[in-house]
Amino acid sequence: VKHVFGTPIVDYLPTLGLLVLTVVYLITGYGYAPEARTFPVTVAWVAIALVALDLLSRTKTPAGEAVTRWLNPSTSAGKLEAQTHYALSKQIAAAAWPLAFVALIVLTGFLVAVPIFVMASMYFRGKRSLLIIIPVSAAATLFIWFLFAQVLQLELYPGVLFGNP
Amino acid sequence: VLAKITLIDSSILVPLVLSTAFAGSYAIDMSIENVVVTGVFGLLGYLMMRYDYPRLMIIVALVLGGNIERNLHQSMLMGDGGWSVFFARNISIFLMLAIVALLALPILRALFKYWRVRTVSVGE
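Residues numbered from 1 in each chain as written. Chains lettered and ligands numbered in written order. Predicted model: local features only at pLDDT ≥ 70, side-chain atom pairs only at ≥ 80, totals over all residues. Heavy atoms only, no water.

### A short note on the overall build of chain B
Tallying secondary structure elements over chain B gives four helices and zero strands in all. Sequence-ordered secondary structure for chain B, helices as α and strands as β, is α-α-α-α. A compact globule built from 124 residues would reach a C-alpha radius of gyration of about 14 Å, whereas chain B, at 23 Å, exceeds it by more than 25%. C-alpha atoms of chain B, sized along the principal axes, occupy 60 × 55 × 30 Å. In chain B, buried positions account for 17% of the 124 residues. (Helix = DSSP H or I, 4+ residues; strand = E, 2+ residues; numbered from the N terminus. Rg over C-alpha atoms; globule rule 2.2 N^0.38 Å. Buried < 20%, exposed > 50% of the residue type's maximum accessible area, 1.4 Å probe, protein only.)

Dropping the structure here:
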């Protein structure tokens, strides 16, 4: 892995992503009327200063270590290095499961998406047997239906595929 | 009894909690957009945990941001668009100084610790 100032280049990516978002936010803020842009522009400039400090603190330079020591001592002394590092595929999977669930809810609605998600999650991630998966997913769906549709008298979202246009 | 929920294995608990959370976010105003926003903020929270950013600050910003913006506009209107309104009275100057002191506190604490260590090592 390529290093810049002693830090793997991949460790800069979140901060650089934040910097891009902040600059976009700042440019958008300057597009507002003068009286309306005071708050967003102030927030954006403060955020740029903080992102710059974050970027500096990630370097293994004397300045970066000084910034970490003075402003965020809890992350210094190798504490970040001591954290558990998970494989990238596991991290992507951890983020993808909830997003896939959201997509499933939008497409099929709660009463179809909940049992499918609970079953799939317990089967593929939990490696559980069907004897546990089926009653738990049925109970989860029943609980959601009973709480929201019966007790709270709400119409649960039916989904794009099954809902009336 | 409710505390025993925490003893349930995470492979069972996580899908149940996610299902209830998404259904709850939909129930706020019967809007599927809320579910999408919940998913996006879940992803944001995960990334913040992964890259060691504090999550508390974003909660404070989301809860108080609207109020702060409204009150800032009111104050700016009272001050004819100038920032001097924030330094016009003793109480506002005191609050500004308190904010600066709070922001400088970690630096001062680190400097104090550095000087103390240096004094001890020079003394030895």
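### A short note on the pattern of salt bridges
Two side chains of opposite charge can pair, provided their charged atoms sit close to one another. Under the definition given, this model contains two salt bridges over all chains. The closest approach of N and O atoms between D54(A) and R58(A), which form a salt bridge, is 3.5 Å. A residue is classified by how much of its surface remains accessible, and D54(A), at 17% relative accessible area, is buried. Residue class for R58(A) comes out buried when judged on its relative accessible area of 16%. Between R128(A) and D9(B) there is a salt bridge, with the nearest N and O atoms lying 3.2 Å from each other. Here D9(B) lies in the segment before helix 1 (10-27) and R128(A) lies in the loop between helix 5 (110-125) and helix 6 (130-151), a pairing that spans two chains. When its relative accessible area of 37% is taken as the criterion, D9(B) is described as partly exposed. (Salt bridge = Lys/Arg side-chain N within 4 Å of Asp/Glu carboxyl O.)

Everything listed here is a matter of coordinates, which is why it stays silent on function.
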